[in-house]
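In case you want the letters, here they are:
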Amino acid sequence: MTSELIKIGSSGVRVNQLNLQVTGHNIANVDTAGYSRQQALQETNPAIAWGNGHYGQGANTATIRRIVDEFTVTQLRNDTSVAKEREMVLQYSQQLDNLLADSDSSPGNALNEFFSAMQSLADDPNNTTLRNQVLAQSDSLSQRFNLIQERFDDMQESINVQLDSSIGEINRIASNIALLNTGIVEAEAKNGLPANDLRDQRDEQLRELSEYVDVSLTKVNDGTYSVFIGEGFPLVVGRSTYELSAEPTSSDIKRMGVVYPDRDGDKDITNLIRGGELGGVLKYRDDVMTPAQNQIGRLALAIGETFNEQHRKGIDLNNETGNNFFRDVNELEIMEGRVSAFKGNSASTNIRFSVEITDTTKLSDKDYVLKAIDGDTFALYDTDGNQMRFEKNTTPATFASTVSLSELNRNDGVDDGLTLTVDGFDIYLSSDAAKNVSKGDQFLIQPTRYASGQMAREITSPDELAIALPLRTEASVANNGSGEVRSVTVGDTYASGIADSKPLLVADSPNPNGVNMVDPSDPTGATLIPTETGSYAFVDSRDGSFKMYLDTATATVGGTLVADIATATTTGVTTGNSRAVADQISAAAAGLTTAMDKSVIGSAYTAADAIADNEQDIIDRAAAGAAVAATEAAKTGATIESVAEAVKGYLEDQGASSQVISDTVAGIEGAATLADAANFASYDIAAAYTRDSLKGADVDNAAITAAVNAVNAAKGTATAINQAGMASFAKIAADQAATTKAADVTAKAGVAAVGAAATDTGLYELKNGVNIQFTSESATVPGELNYEVRDPDSGAILYQGTFTQGQEKELLPSTWGIQVSIAGNPAVGDSFSTTYNTDGAGDNSNALMLTALQGEPTLEGEMSYQDAYAETTTGVGSKTAEAKITAQSGAAILEQTKNLRDSVSGVNMDEEAANLVRFQQAYNASSQIISTARQLFDTLLAAVR
């Protein structure tokens, strides 16, 4: 009995001694990172059956357990990864936000100061000091763009260093986890009991690892963890680790990526990394810095390209057309620098590409990847993986998702004029000699990435500032009307090729095709036959002279051509519709060889085609309008005016133009009787729509007048407004168009050609510019004047058109490289002369246009320079603000998770102090049991002595 009591007391001493030891261990590790509170689990010793009952034998300690909630531990790891990622995004975003907002480093203020200097010069164009000020401010603007590129480069280097450092820490922690896996297996193999402290250390290492990258775990039966990153790539498996490395990415050697060692070769897993400092840095680089850098580069390109383009349209103090103000954005070195080969390309690949900026309004802020599907076929993808389509400059334009090596090659003599355009840039081979490529090769295209660092002033002298326009337009002092010049613009300057080997044929004009005719043999209407080389007046940037390509050679039209056209149109009429008339004209074009003959038949075709395109609409509306007129005329008290008003309402409901409505109403109101007004309304409607169709196709006035007169003459005859009737009207319009064009091109033969006729056919110098003369009032349209554009030296008519009094209109063809806008009310006989602006000192016309560029929509989304910069700064600012909110949210959530984890696993000093007292008391009580048992034993011994 006494011995059993001693055993029970001894077990209590042992159990409570262990409890005190565990409590002391908890207290000692209260500040140990990752430590989980431990608890000694005790259990009752097996009882002994004795006499009339089972007698207890005390207690023992079964094991020491960690107080841990695996869900909370996992949540803490995940929240740590998210919080660290957001923290890094915020940290770097704030740097970029501060950079763009800093008035001393950002281009925003410099842009304003540059255009302010340009405005001052426009106000005082002869001021040399202001010219120098413009140059100084352009240097400041270029330097700001260069500086911000340097800052982007510094950020990129900082990110590279951060990546390398983070990967080094990941490898170190992974090694520690593998060692702890080994330690846990060995420790637990000895007695099968959990190695609590080692498991805590491993959990803490995993938490620390999550600060750098998001991880996932797999528990193995032997007690080890397998750790994975980047969607399943093992970092730790049992006692083994896989060491990551930071290396230049396969596509961009300036950027470091995350490389994973694999038995089949190293793999770039950069795009698979999420969470932690590593994921945060990559997220900032891809989502914040790269778009901002591309946008700033795009802005630099837009400024350089559009400012250069406008500057080239002016003349400087030396009477020379302007050169590039800023560095040419399409220098060969720059164009080739926009394309880089992937590291993994075939060793035999030597192909080089050039990317030429063609339209800054279409440039995006994306990068692209050109992939060789095989050795001869290429496809283009943006960085989001979307396949792009190449636009080809065919007639009409065509699109393709893949292109051939030959199509990319502009130097092999095959389709050298073909351009392949995507998002505002052309891509082509730099050299025919370097074109080896293998299937699977890839090339990174960065149209805008580094453009801000390439910006620089090109002109060297204030005299080179081309702030005057090459042309000036003046009203004749003898003018009687109130017409005034509103604007003179130079749409383009063009080097004619004089004095070098460039051909000077008419086909080499920048406007090579004037009129195209549908090939009647193609039922789809997709095939076009070029019939006229377009006229093109321009300022020759080679020598500053005013020249013109004419759409005719120095000869006369074939003598029988107009008669041939008349025969063809008659044949077309017999088939019963205006489309047949156009097709017969097209068929008559076979065998024509001279530009003049093609020009004449092209004019005839245009007239017939314009009526054919609208034939059914004209017939339908004429019939419906006639029904409206008849209904109104049948009403009691109807008048000619009420019939006109009823038809007017019908036309308004149909969305007819104001000109069609006014012409129709005038025709009806001119009827002699009410019956005529109703019976002939269909002719008045047809005449108005016919005029509108022909005028919309730029058919000459004589042909329009002839066709309208024919419609009006048909009133009261057997000719109805049907297909046969429309065919006859189309014939008359086509015949007159051919006759007028034949006379016109013959007159142009009087203009003197430049140089030897054998080599310079079609190119003419307008030594004294052109005269615009208002020749007569329109016979059919009130308030409309006819005008001619002539060569004042030869009197040759270069262009004819109409002008509506009281309106502003551009009087020259839109295809020419110059334009003159007249407004007001000129009178018949008034003229305006457009001549070269020799010694145009004091002229600020081009300076005003250059200054106006600041607010012009020169970038994608119709953004101006300032809009684009504001969008970038606002975008970065918004992302920074968002990053701040998400970082604060992530930190708050992490703090909550830490508190939750601590509430479960953390050491509570109050609780441990209470446990210390409790276990000490239990220990003392157990000791007292042993003492009592000893006293009982001593008493028993004394009793038997």
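Nothing here was measured: the structure is a model prediction, and the numbers come from that model. (Residues numbered from 1 in each chain as written. Predicted model: local features only at pLDDT ≥ 70, side-chain atom pairs only at ≥ 80, totals over all residues. Heavy atoms only, no water.)

Asks: I tried to follow the overall build of the chain on my own but got confused; where do I start?
Replies: Helix and strand counts for the chain stand at 21 helices and 35 strands. For the chain, buried positions account for 48% of its 945 residues. For the chain, the exposed area adds up to about 41,300 Å²; of that, 49% sits on carbon and sulfur atoms. (Helix = DSSP H or I, 4+ residues; strand = E, 2+ residues; numbered from the N terminus. Buried < 20%, exposed > 50% of the residue type's maximum accessible area, 1.4 Å probe, protein only. Areas by Shrake-Rupley, 256 points an atom, 1.4 Å probe, with all protein chains shown as cover.)

Asks: Just to check I follow, could you spell out the pattern of salt bridges for this structure?
Replies: A pair can form between side chains of opposite charge whenever their charged atoms are brought close. Inspection of the entire model under this criterion finds 40 salt bridges. Measuring nitrogen to oxygen at the nearest pair gives 2.7 Å for the salt bridge that ties Asp200 to Arg66. Taken together, the positions of Asp200 in helix α5 (residues 196-210) and Arg66 in strand β4 (residues 59-66) put the pair 134 residues apart, joining distant regions of the chain. A residue is classified by how much of its surface remains accessible, and Asp200, at 4% relative accessible area, is buried. Residues participating in the shared-partner salt-bridge network are Arg66, Asp200 and Asp203. (Salt bridge = Lys/Arg side-chain N within 4 Å of Asp/Glu carboxyl O.)

Asks: What's the story with the environment of Gly625 in this structure? I'm lost.
Replies: Considering the arrangement of structural elements, one finds Gly625 in helix α11 (residues 595-633). Considering only alpha carbons, one finds Gly625 and Ala678, 53 residues apart in sequence, at a separation of 9.5 Å. Beyond its immediate sequence surroundings of up to four residues, Gly625 is in contact with Val647, Tyr650 and Ile685. (Contact = heavy atoms within 4.5 Å.)

Asks: Just to check I follow, could you spell out the environment of Gly877 for this structure?
Replies: As for its placement among the helices and strands, Gly877 is situated in helix α20 (residues 865-905). Separated by 783 residues in the primary sequence, Gly877 and Gln94 have C-alpha atoms spaced 8.4 Å apart.

Asks: Would you mind showing me how to read the sheet that holds strand β6 (residues 225-229) here?
Replies: Sheet strands pair via backbone hydrogen bonds, and the direction of the pair is either parallel or antiparallel. Overall, antiparallel pairing links the four strands, which are arranged β5-β6-β7-β8 in an open sheet. The sheet is open, and its two edges are formed by β5 (216-219) and β8 (240-241), each paired on a single side. Direction of pairing for β6 relative to strand β7 (residues 233-237): antiparallel, over a ladder of four bridges. Residue Ile229 lies in a different strand from β7, and its bridge partner there is Phe233. This element, α5, spans β5, β6 and β7 of the sheet and lies at about 0 degrees to β6. (Pairing = 2+ DSSP bridges. Axes fitted to C-alpha atoms, helices over the stretch in contact; angles between N-to-C directions.)

Asks: I would appreciate a short explanation of the packing of helix α6 (residues 276-311) against α20 in the present structure.
Replies: Here α6 crosses α20 at 175 degrees, and the two axes come no closer than 10 Å. The angle between the axes of α6 and α20 places the two elements in the roughly antiparallel class. The residues of α20 that touch α6, namely those facing Asp287, Val288, Pro291, Ala292, Gln295, Ile296, Arg298, Leu299, Ala302, Ile303, Thr306 and Phe307, are Tyr865, Ala868, Tyr869, Glu871, Thr872, Val876 and Lys879. Classifying every residue of the contact of α6 with α20 by side-chain character gives twelve nonpolar, three polar and four charged. (Parallel < 35°, antiparallel > 145°, perpendicular 65-115°, else oblique. Nonpolar A, V, L, I, M, F, W, Y, C, P; charged D, E, K, R; others polar.)

Asks: I keep staring at empty space enclosed by the protein and nothing clicks. Help me out?
Replies: Summary: where empty space remains is shown by rolling a probe the size of a single water molecule over the atoms. For the structure shown, the criterion picks out one cavity of 30 Å³ or more. Along its surface, the largest cavity is lined by 13 residues, and Arg327, Val329, Ala451, Gln454 and Met455 are the ones closest to its centre. Partitioning the lining of the largest cavity into residue classes produces eight nonpolar, two polar and three charged. (1 Å grid on protein atoms, 1.4 Å probe; cavity = no way out; pocket = protein on both sides within 12 Å on 5 of 7 lines; lining within 4 Å. Points joined across faces, edges and corners; volume = space filled by probe spheres on them.)

Asks: Hey, could you run me through the UniProt feature "domain: Flagellar basal-body/hook protein C-terminal" (unreviewed entry) in the chain in this one?
Replies: When the UniProt feature table is mapped onto this chain numbering, "domain: Flagellar basal-body/hook protein C-terminal" (unreviewed entry) sits at residues 904-941. As annotated, residues 904-941 has a helix share of 92% and a strand share of 0%, and its two end C-alpha atoms lie 53 Å apart. (UniProt positions renumbered as here; feature names shortened; annotations may be inferred.)

Asks: What is the right way to read helix α4 (residues 128-191) from this model?
Replies: Given 3.6 residues per helical turn, the α-helix brings residues three or four places apart onto the same face. The first and last C-alpha atoms of α4 sit 95 Å apart over 64 residues, in line with the 94 Å expected at 1.5 Å per residue. You can read the cap of α4 off the contacts: a side-chain oxygen lies 2.9 Å from the backbone nitrogen of Thr129, and it is on Asn127. Just past α4, the residue Gly192 takes up positive phi, approximately 75 degrees. (Expected span 1.5 Å × (residues − 1). Polar contact = N/O pair within 3.5 Å; in protein donor to acceptor, adjacent residues only side chain to side chain.)

Asks: Which parts of the structure should I look at to understand the pairing of strand β14 (residues 368-372)?
Replies: A regular strand places its side chains so that they alternate between the two faces of the sheet. Here β14 lies mainly inside the structure; four of its five residues are buried. Sheet analysis places β14 next to strand β15 (residues 377-382), joined by five bridges and oriented antiparallel. Residue pairing across strands places Tyr368 opposite Asp382, the latter belonging to β15. With antiparallel pairing between neighbouring strands as the criterion, β14 and β15 make up a hairpin whose turn holds four residues. In terms of strand pairing, β14 meets strand β21 (residues 442-445) through four bridges, oriented antiparallel. Considered in β21, the bridge of Leu370 is made with Phe443.

Asks: So what exactly am I meant to see when it comes to the packing of aromatic side chains here?
Replies: Remark: the centre distance and the inter-plane angle together describe each pair of aromatic rings, the angle taken between the planes. Following the criterion strictly, the structure yields 19 aromatic pairs and no others. Ring geometry for Phe115 and Tyr865: centres 5.7 Å apart, planes at 35 degrees, overall tilted. Taken as a pair, Phe115 in helix α3 (residues 107-123) and Tyr865 in helix α20 lie far apart in primary sequence, 750 residues in all. In terms of burial, Phe115 and Tyr865 fall into one category: buried. Both rings, one in Phe774 and one in Phe832, keep their centres 6.2 Å apart while their planes meet at 85 degrees; by these two values the pair is edge-to-face. With Phe774 in strand β30 (residues 770-777) and Phe832 in strand β35 (residues 831-836), this residue pair connects regions lying 58 residues apart in the sequence. Since its relative accessible area comes to 1%, Phe774 is described here as buried. We classify Phe832 as buried; its relative accessible area is 1%. A network of ring pairs unites the aromatic residues Phe114, Phe115, Phe307, Phe325, Phe326 and Tyr865 as a single cluster. One residue, Arg202, lies across the ring of Tyr225, its end atom 3.8 Å from the ring centre. (Phe/Tyr/Trp six-rings, centres within 6.5 Å; stacked < 30°, edge-to-face > 60°. Lys NZ or Arg CZ within 6 Å of the ring centre and 35° of its normal.)

Asks: Which parts of the structure should I look at to understand unusual backbone geometry?
Replies: Most peptide bonds adopt trans geometry, and most residues besides glycine take a negative phi value. One non-glycine residue, Asn319, adopts positive backbone phi at about 60 degrees. Assignment of secondary structure puts Asn319 in the loop between α6 and α7 (332-337). With a relative accessible area of 23%, Asn319 lands in the partly exposed category. For Asp423, which is not glycine, the phi dihedral falls at a positive 45 degrees. Mapped onto the fold, Asp423 is located in the loop between β19 (420-422) and β20 (425-429). For Asp423, a relative accessible area of 27% gives the class partly exposed.

Asks: How should I be thinking about the packing of helix α2 (residues 70-101) against α20 in this particular structure?
Replies: Geometry of a packed helix pair, given as the angle between the helix axes and the separation of the axes. With their axes 7 Å apart at the nearest point, α2 and α20 run at an angle of 155 degrees to one another. Judged by the angle between their axes, α2 and α20 are roughly antiparallel. α2 and α20 meet at a crossing whose hand is left-handed. (Left-handed = near helix turned anticlockwise from the far one by under 90°.)

Asks: Help me out: how do you make sense of a nonpolar patch on the surface in this one?
Replies: Residues Phe937, Leu940, Leu941 and Val944 make up a contiguous nonpolar surface patch of roughly 370 Å² in combined accessible area. In this fold, Leu940 is placed in helix α21 (residues 909-944). (Patch = residues over 30% accessible without salt bridge, like charges linked within 9 Å, V, L, I, M, F, W, Y side chains within 5 Å.)

Asks: Help me understand the sheet that holds strand β10 (residues 256-260), please; the structure alone is not making it clear to me.
Replies: Spatial ordering of the open sheet is given by β9-β10-β11, a layout of three strands whose pairing is antiparallel. Single-partner strands in this sheet number two, and they are β9 (245-248) and β11 (267-268). Where α4 meets the sheet, it contacts β9 and β10, and its direction lies at approximately 25 degrees from that of β10.

Asks: Sorry if this is basic, but what is going on with a negative patch on the surface here?
Replies: On the surface, a cluster of negative charge is made up of Glu641, Glu645, Glu652, Asp653 and Glu669. Take the negative patch: its biggest share by element is four residues, from helix α12 (residues 640-653). Its location among the elements puts Glu645 in helix α12. (Lys, Arg positive; Asp, Glu negative; His and termini not counted. Charge placed at Lys NZ, Arg CZ, Asp CG, Glu CD.)

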